[in-house]
Amino acid sequence: MPSAQIKFEFSDGPGALSTKRPDDEFRILAALPTTDGIQVVLEIQTSDTEALIRHLDEASWLPSYDVLHADEQTMLIQYSHEFLPALHRALLSSGPLLQYPLTLRNGWMSSDLTTSHEQLSQLKDVFEDEGFPYEIGSVTQSTDPTDLLTDRQRRFITAAVEHGYYDSPRECTLTELAAALNVSKGGASGILHRAEGRIIKNFLGEPAV
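Residues numbered from 1 in each chain as written. Predicted model: local features only at pLDDT ≥ 70, side-chain atom pairs only at ≥ 80, totals over all residues. Heavy atoms only, no water.

> Would you mind going over unusual backbone geometry in detail, with residue names and values included?
With an omega of 0°, the peptide bond between serine 168 and proline 169 qualifies as cis. Even without being glycine, asparagine 106 reaches a positive phi, approximately 50°. Within the secondary structure layout, asparagine 106 lies in the loop between strand E6 (102-105) and strand E7 (108-114). Owing to a relative accessible area of 40%, asparagine 106 belongs among the partly exposed residues under this scheme. Although it is not a glycine, asparagine 182 adopts a positive phi angle of roughly 60°. By relative accessible area, asparagine 182 is classed as exposed at 72%. (Helix = DSSP H or I, 4+ residues; strand = E, 2+ residues; numbered from the N terminus. Buried < 20%, exposed > 50% of the residue type's maximum accessible area, 1.4 Å probe, protein only.)

> Break down helix H6 (residues 174-181) for me, citing the residues and quoting the values.
Among all positions of H6, only Leu174, Leu177, Ala178 and Leu181 are buried. Axial view of H6: buried residues confined to an arc of 100°, hence all on one face. Of the residues flanking the end of H6, it is asparagine 182, one or two places downstream, whose phi is positive at about 60°. (Arc of directions from axis to C-beta.)

> Any chance you could break down the environment of isoleucine 77 for me, citing the residues and the numbers?
Positionally, isoleucine 77 belongs in strand E5 (residues 74-81). Separated by 36 residues in sequence, isoleucine 77 and valine 41 have C-alpha atoms that sit 5.9 Å apart. Contact partners of isoleucine 77, with chain neighbours within four places excluded, come to Val40, Val41, Leu42, Leu56, Leu62, Tyr65, Asp66, Val67 and Leu68. (Contact = heavy atoms within 4.5 Å.)

> Report on the side chain of glutamate 43, specifying residues and quantitative values.
Inspection of the secondary structure assignment puts glutamate 43 in strand E3 (residues 37-45). On the basis of relative accessibility, which here comes to 15%, the residue glutamate 43 falls in the buried class. Within the structure, the side chain of glutamate 43 is placed 2.6 Å from the side chain of arginine 27, a separation counted as a polar contact. Those residues in contact with glutamate 43 that lie beyond four places of it in its chain are Glu25, Phe26, Arg27, Leu29, Thr74, Met75 and Leu76. (Polar contact = N/O pair within 3.5 Å; in protein donor to acceptor, adjacent residues only side chain to side chain.)

> Provide a residue-level description of the side chain of threonine 46, including the pertinent values.
With respect to the helices, strands and loops of the structure, threonine 46 is situated in the loop between E3 and helix H2 (49-58). Judged by relative accessible area, threonine 46 falls into the buried class, the value being 5%. Only 3.2 Å separates the side chain of threonine 46 from the side chain of arginine 21, close enough to count as a polar contact.

> So what's going on with the packing of aromatic side chains? Residues and values would help.
Tallying each qualifying case throughout the model produces 2 aromatic pairs. An angle of 70° between the planes, with centres 5.5 Å apart, marks the rings of tryptophan 61 and tyrosine 79 as edge-to-face. With tryptophan 61 in the loop between H2 and strand E4 (66-70) and tyrosine 79 in strand E5, the pair connects residues that are 18 residues apart, well separated along the chain. Both residues of the pair, tryptophan 61 and tyrosine 79, belong to the buried class. Here tyrosine 165 and tyrosine 166 contribute two aromatic rings whose centre-to-centre distance is 5.2 Å and whose plane-to-plane angle is 75°, an arrangement assigned as edge-to-face. Judged by its relative accessible area of 8%, tyrosine 165 is buried. The class for tyrosine 166 is partly exposed, based on a relative accessible area of 36%. Directly above the ring of tryptophan 108 sits lysine 7, whose terminal nitrogen or CZ lies 5.5 Å from the centroid. (Phe/Tyr/Trp six-rings, centres within 6.5 Å; stacked < 30°, edge-to-face > 60°. Lys NZ or Arg CZ within 6 Å of the ring centre and 35° of its normal.)

Have a look at this one:
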């Protein structure tokens, strides 16, 4: 699966606060939908905790919050919205999940994302349909063929290698391998065949199905 770095404008809520305090770093550690909105855990790295607290207390989008931790340079707060902001709705509808924490600086959110090409394209469509400015960079394809496999396929391939099934000459027959894995010979053959096909297609640059 491809991995990408994504950056998008985030003008609501903490995004507005980060624009007022461009030297601070905001990190959304978690954002959990609730029955009537969303609950957020936000960490803020700052050089002026007192000024930050004044901004938090004056923020119209933040009627209340709980301080989970505070020291001279860091604040950790938790708060809830009684509605789901438009950007959150768009992200949830796109399918892929952003990897937390989400870093927020001067009104722009950034995150790593690992998903399929189809879901990445769908996410871009969501941003464009909703009119959210965004940038996607550093798209890389995993070079580890085991990322293509299901847990069962990976287990069978690993057992085949450990038993010498792929050695030349073979140290283990398909029948013996199937017995070690407690499956039928036909079952072992099918699982290995599908796993081998995925690895070979990835090597040739073709889509694995």
